[in-house]
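Residues per chain, in single letters:
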Amino acid sequence: MLDIGGKCAVITGGAQGIGAATARVLADEGARVVIADINYETAQSLVKSLGGDSAAVRIDVTDSSSVRSVVEQVADQFGGIDIWVNNAGIAEDSLALDLTDEVWQRTLSVDLTGTFYGAREAARHMCERGSGSIINVSSIAAFRASRPEHHVAYDVSKAGVAHMAKILAAEWAPRGVRINAVAPGYTNTELLRSVGSASPAIMEQWLSQVPQQRLIEPDEIGRVIAFLGSDASSSVTGQVILADAGFTSW
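In this text the structure is predicted, and so the values were computed from the model without any measurement.

**Student:** Residues and numbers for the overall build of the protein chain, please.
**Tutor:** Secondary structure assignment for the protein chain yields eight helices and seven strands. Over its C-alpha atoms the protein chain spans a radius of gyration of 17 Å, differing by no more than 12% from the 18 Å that the globule rule assigns to 250 residues. Overall, the C-alpha framework of the protein chain stretches about 50 × 35 × 35 Å when taken along its three principal axes. A burial count over the protein chain gives 53% of its 250 residues as buried. Long-range contacts, defined here as pairs at least 24 residues apart, represent 70% of the contacts in the protein chain between residues at least 6 apart. Put simply, the protein chain shows about 11100 Å² of open surface, and 51% of that area lies on carbon and sulfur atoms. Once the 19 positive and 29 negative side-chain charges of the protein chain are each reduced to a mean point, those two points are 4 Å apart.

What follows is the structure in structure tokens.
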């Protein structure tokens, strides 16, 4: 149904968390997966576990020349890029009144500007080919203020990432390139588990906001991304899919 066998998929920030889970899902579906991460050694370790026709490359999403170089390198090695997943992101907890300029700029640089660089450079390649699918990883924080944590820079970035998909979809649709966003809810990543383990009260508050009363598994997000990258979603562009276990429904 997904029909992504043999397609080349690049995942930024793909060495861990949702990115790594997405890599496994896509590889299981027969895609040729490229893990693009600033942590090259971690990316290499994941590639070894994936097997098949996969690869690791180092990328700094805040540097447009680094992103452009990865697009060129992967396109040359694999004969083209069919799916590009903008997953790289960071978050730091801080009250707005205490948020430093440095943290604000760093977060927007990775989460928002880095996503734009990835989308733009991938689309330049895809528009020349006349086809391709780009998926931005946004967040429920794009639609509701994070609580009890305070992530104003992250939340604003993820709202921009979601809206970016709509804007760029309208521009690139006539050239055969689709772009969508997925907004995950509270997902059972190592980072989230570490925060919840350190503060069970925070975990309880998170779950109290989720109608399904559970964390989402990373591979569940990976399957949504796989759908958006596949021809099964050929009529879907400019959309934001909320994979949030019902979080935004109340």
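**Student:** Hey, could you go over the state of the cysteines for me, with residue numbers and the actual values?
**Tutor:** Scanning all chains against the criterion turns up zero disulfides. Free cysteine: Cys8, not disulfide-bonded; nearest cysteine sulfur from Cys127 at 17 Å. When its relative accessible area of 0% is taken as the criterion, Cys8 is described as buried. For Cys127, a relative accessible area of 12% translates into the label buried.

**Student:** Residues and numbers for the packing of aromatic side chains, please.
**Tutor:** Scanning all chains against the criterion turns up three aromatic pairs. On the basis of an interplanar angle of 50° and a centroid distance of 6.5 Å, the ring pair of Phe116 and Tyr117 is categorised as tilted. Look at Tyr186 and Phe247: their rings are 5.8 Å apart centre to centre, the planes differ by 85°, and that puts the pair in the edge-to-face class. Pair noted here: Tyr186 is in the loop between strand E6 (177-184) and helix H6 (190-198) and Phe247 is in the segment after strand E7 (240-243), with a separation of 61 residues, a long-range link. Given a relative accessible area of 10%, Tyr186 falls into the buried group.

**Student:** Requested: an account of the environment of Lys158, with residues and values cited.
**Tutor:** When you line up the elements, Lys158 lands in helix H5 (residues 152-172). Through-space distance from the C-alpha of Lys158 to that of Ala181 is 10.0 Å; in sequence the pair is 23 residues apart. In this structure, Lys158 is in contact with Val137, Ser138, Ser139 and Ala142, ignoring residues within four places of it in sequence.

**Student:** Please give an account of the pairing of strand E3 (residues 55-58) that cites residues and values.
**Tutor:** On a regular strand, each side chain points to the face opposite its neighbour's, so the side chains alternate between the two faces of the sheet. Of the strand pairs in this sheet, strand E2 (residues 32-37) and E3 are connected by four bridges, and their pairing is parallel. Across the sheet, Ile35 pairs through a bridge with Ala56, a residue of E3. The β-α-β motif built from E2, the intervening helix H2 (residues 40-50) and the parallel element E3 has right-handed crossover chirality.

**Student:** Mind laying out the pairing of strand E1 (residues 8-12), listing which residues take part and the relevant values?
**Tutor:** Of all five residues making up E1, five are buried, and the element is well covered by its neighbours. On E1, burial covers both faces: Cys8, Val10 and Thr12 on one face and Ala9 and Ile11 on the other are all buried. Where E1 meets E2, five bridges bridge the pair, whose relative direction is parallel. Within the sheet, the bridge partner assigned to Ala9 lies in E2 and is Val33. One crossover worth recording links E1 to the parallel E2 by way of helix H1 (residues 17-28), and it is right-handed. Summarising the sheet, E1 and strand E4 (residues 83-86) pair through three bridges and their orientation is parallel. Bridge pairing in E4 links Ile11 to Val85.

**Student:** How would you sum up unusual backbone geometry? Please name residues and give values.
**Tutor:** Note that the residue after Arg147, namely Pro148, is joined by a cis bond; omega there is 10°. Backbone geometry places Gln213, a non-glycine residue, at a positive phi of 55°. With respect to the helices and strands, the residue Gln213 is situated in the loop between helix H7 (200-208) and helix H8 (218-229). The backbone of Ala245 sits at a positive phi, close to 55°, despite the residue not being glycine. Overall, Ala245 belongs to the buried group, its relative accessible area being 12%.

**Student:** Tell me about the nonpolar core, and please be specific about residues and values.
**Tutor:** Of all hydrophobic cores here, the largest spans 40 residues; its most connected members are Leu26, Val33, Ile35, Val182 and Tyr186. Of all the secondary-structure elements, those providing two or more residues to this core are E1, H1, E2, H2, E4, strand E5 (132-137), H7 and H8.

**Student:** So what's going on with helix H3 (residues 64-78)? Residues and values would help.
**Tutor:** Relative to the 21 Å expected for 15 residues at 1.5 Å per residue, H3 spans 21 Å between its end C-alpha atoms, a close match to the ideal helical length. Remark: Gly79 follows H3 within two positions and exhibits a positive phi of approximately 80°.

Reading the values: the criteria
Each chain carries its own residue numbering, running from 1 in the written order of its sequence. Given that the model is predicted, a residue must reach a pLDDT of at least 70 before its local features are reported, and side-chain atom pairs must reach 80 or more before they are shown or counted; all residues, however, enter totals for whole chains, interfaces and linings. Side-chain figures throughout are based on the complete set of non-hydrogen atoms in the structure, without hydrogens or water. Every helix listed is a DSSP run of H or I at least four residues long, and every strand listed is a run of E at least two residues long, numbered separately from the N terminus. For the radius of gyration, the atom set is restricted to C-alpha positions; the globular benchmark scales as 2.2 Å times the number of residues to the power 0.38. Only protein chains enter the accessibility calculation, which uses a 1.4 Å probe; a residue whose area is less than 20% of its type maximum is buried, one above 50% is exposed, and one in between is partly exposed. A contact between two residues is defined here by any heavy atoms of the two lying within 4.5 Å. In short, Shrake-Rupley with a 1.4 Å probe defines the accessible areas, and a residue's cover is counted only from the protein chains shown. The sign given to each residue is positive for Lys and Arg and negative for Asp and Glu; His and the chain ends receive no count. One atom stands in for each charge, and that atom is NZ of Lys, CZ of Arg, CG of Asp or CD of Glu. Cysteine sulfur atoms are paired as a disulfide whenever they fall within 2.5 Å. Two aromatic rings from Phe, Tyr or Trp, using only the six-membered ring of Trp, form a pair when their centres are within 6.5 Å; if the ring planes differ by under 30 degrees the pair is stacked, by over 60 it is edge-to-face, and anything between is tilted. Pairs of strands are assigned from DSSP output, requiring at least two bridges between the strands. Seen with its strands pointing away from the viewer, a crossover is right-handed if its path from the first strand over the helix to the second goes clockwise. Here, nonpolar core means buried Ala, Val, Leu, Ile, Met, Phe, Trp, Tyr and Cys residues that are tied together by side-chain atoms lying within 4.5 Å of each other. Given a helix with a known number of residues, its expected span is that number minus one, times 1.5 Å.

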